There are 2 protein chains.
Amino acid sequence: MGPTKTRQDWTSAALGVIASVGVERLSVERLATELGVTKGSFYWHFSDRAALIESALLWWEEQGTDRVIAELEGIADPAARLRLLLLTAFGDLEHGPVDVALAARGGDALIGPIIQRVMAKRVDFVTEIFAELGSTPAQARRRGRIAVATYIGHFQLRVALPNDRYLAKPAKPYIDELMEIIAVPST
Amino acid sequence: MGPTKTRQDWTSAALGVIASVGVERLSVERLATELGVTKGSFYWHFSDRAALIESALLWWEEQGTDRVIAELEGIADPAARLRLLLLTAFGDLEHGPVDVALAARGGDALIGPIIQRVMAKRVDFVTEIFAELGSTPAQARRRGRIAVATYIGHFQLRVALPNDRYLAKPAKPYIDELMEIIAVPST
DNA sequence: ACCTGAACACCGTTCAAGT
DNA sequence: ACCTGAACACCGTTCAAGT
């Protein structure tokens, strides 16, 4: 494995950096040093730093959202689908950190559109579950938004309250509480 | 008003920049230009850029959390206290953006401690309300965390779903739904 | 096809010198 | 007491030149 790097090499390395220290500390020069090439070579693969970040986020969209939705879509019973979604989402300590690093940047000119698209997909998916559970369309959508907001905030609280045991390792009572609160019988 | 600037001048200007474009794009040089002085003068007031950010966040802690809690603490009825808190928190389109810019940075070495302290204060305040409403201590705390997580996620969704009417201008039905969901009668 | 090396701009930080 | 101006380091970006 000589000094030749592929686009995917840069992309994967970038997503790792984003997850661990955030987008803003992603430095082309440092990445180049880690990969054992000069920063000049980076510009053969990408037009600029922004293009690298965009590439990393598209990869994140695919793995963290599209794949999960595709897997759960097949479950016919909406309550079972919701429960497995909560278990998957709140239990996935792998994707949580990336979500935390990105959630606040929906207004960003560059990555905002990607984040907006991902959040819309998530709200739509949960809204559909509530609709099947018997909510009116408007109520299902309100609850869909609240559910996704709760998910985002959950992983941010995990890092904001590092000494909280329940958050550190989401326990079953916590998920049960979420189910009880979120899936409250509709009007 | 000559070129002489106070520490508070720098602090206020910094919080404004943080709210509008985020911590990472806070540039000492640009701030200095805006204030009409050279960046060299900045280092007479502050030891470094980090000290400026810390000063801005302490100001944020005081105005956005301590002051609100102090105001609501006097309300004896816990249900009324909760409702007014939700109305205040979800209706405050002034402080929301700063929260969005900061919520994800709880792991940061510099500002993490401040954010952690603020989040803990908020969770404690809501936990107390649930306890007074009749929840067991453990359940009250779980619901306190969920409530704060929902608040954080709410303002992040606002920027992630800019075309969503309910989020753009939090309507009464939305707050009602929150009350109904969050303040569900305890076991 | 992919990389190096040198150049330039922008910004954080320091510090001697000014008023 | 507060500010300027020059200096240096780090990083994004460009590009001619190498293999």
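Residues numbered from 1 in each chain as written. Chains lettered and ligands numbered in written order. Predicted model: local features only at pLDDT ≥ 70, side-chain atom pairs only at ≥ 80, totals over all residues. Heavy atoms only, no water.

What about the side chain of R142 of chain A?
Okay, step 1: By the element assignment, R142 of chain A lies in helix α8 (residues 137–160).
Okay, step 2: A polar side-chain atom of R142 of chain A sits 2.9 Å from a polar atom in the side chain of E177 of chain B.
Okay, step 3: Once residues lying within four places of it in the same chain are set aside, the contact partners of R142 of chain A are Y166, P173, Y174 and E177 of chain B. (Helix = DSSP H or I, 4+ residues; strand = E, 2+ residues; numbered from the N terminus. Polar contact = N/O pair within 3.5 Å; in protein donor to acceptor, adjacent residues only side chain to side chain. Contact = heavy atoms within 4.5 Å.)

Considerations on the relation of the copies chain A and chain B
Okay, step 1: With an axial shift of 0.0 Å and an RMSD of 0.0 Å, the rotation relating chain A to chain B amounts to 180 degrees. What the rotation and shift describe, once combined, is the action of a two-fold rotation axis.
Okay, step 2: Looking at the interface residues of chain A, 98% of them are also at the interface in chain B, so both copies use one shared face. (Least-squares fit on C-alpha atoms with pLDDT ≥ 70 in both.)

Topic: the interface of chain A and chain B
Okay, step 1: Residue-level contacts link 43 residues of chain A with 42 residues of chain B.
Okay, step 2: Where chain A abuts chain B, roughly 3700 Å² becomes buried across the two surfaces, and 62% of that area is made up of carbon and sulfur atoms.
Okay, step 3: Looking only at chain A, the three residues that lose the most surface to chain B are R145, I146 and I181 of chain A, adding up to 17% of its buried area.
Okay, step 4: The residue E24 of chain A makes a salt bridge to R105 of chain B at a minimum N-O spacing of 3.3 Å.
Okay, step 5: The interface formed by chain A and chain B includes 12 residue pairs in polar contact (both at pLDDT 80 or more).
Okay, step 6: Counting only elements with at least two residues in the side of chain A that touches chain B, the list comes to α6 (96–103), α7 (112–132), α8, α9 (165–168) and α10 (172–182) of chain A.
Okay, step 7: With 16 residues, α8 of chain A is the largest single contributor of residues to the side of chain A that touches chain B. (Buried area = accessible area lost by both parts, 1.4 Å probe. Salt bridge = Lys/Arg side-chain N within 4 Å of Asp/Glu carboxyl O.)

Quick word on the packing of α8 of chain A against helix α10 (residues 172–182) of chain B
Okay, step 1: In the contact formed by α8 of chain A and α10 of chain B, the axes pass within 11 Å of each other and the chain directions differ by 65 degrees. By the angle class used here, α8 of chain A and α10 of chain B are roughly perpendicular. The way α8 of chain A lies across α10 of chain B gives a crossing that is right-handed. Counting all contacts with α8 of chain A, which are made through Q139, R142, R143, R145 and I146 of chain A, the residues of α10 of chain B involved are P173, Y174, E177, L178, E180 and I181 of chain B.
Okay, step 2: Here the residues of the contact of α8 of chain A with α10 of chain B are counted per class, giving 5 nonpolar, 1 polar and 5 charged. (Axes fitted to C-alpha atoms, helices over the stretch in contact; angles between N-to-C directions. Parallel < 35°, antiparallel > 145°, perpendicular 65-115°, else oblique. Left-handed = near helix turned anticlockwise from the far one by under 90°. Nonpolar A, V, L, I, M, F, W, Y, C, P; charged D, E, K, R; others polar.)

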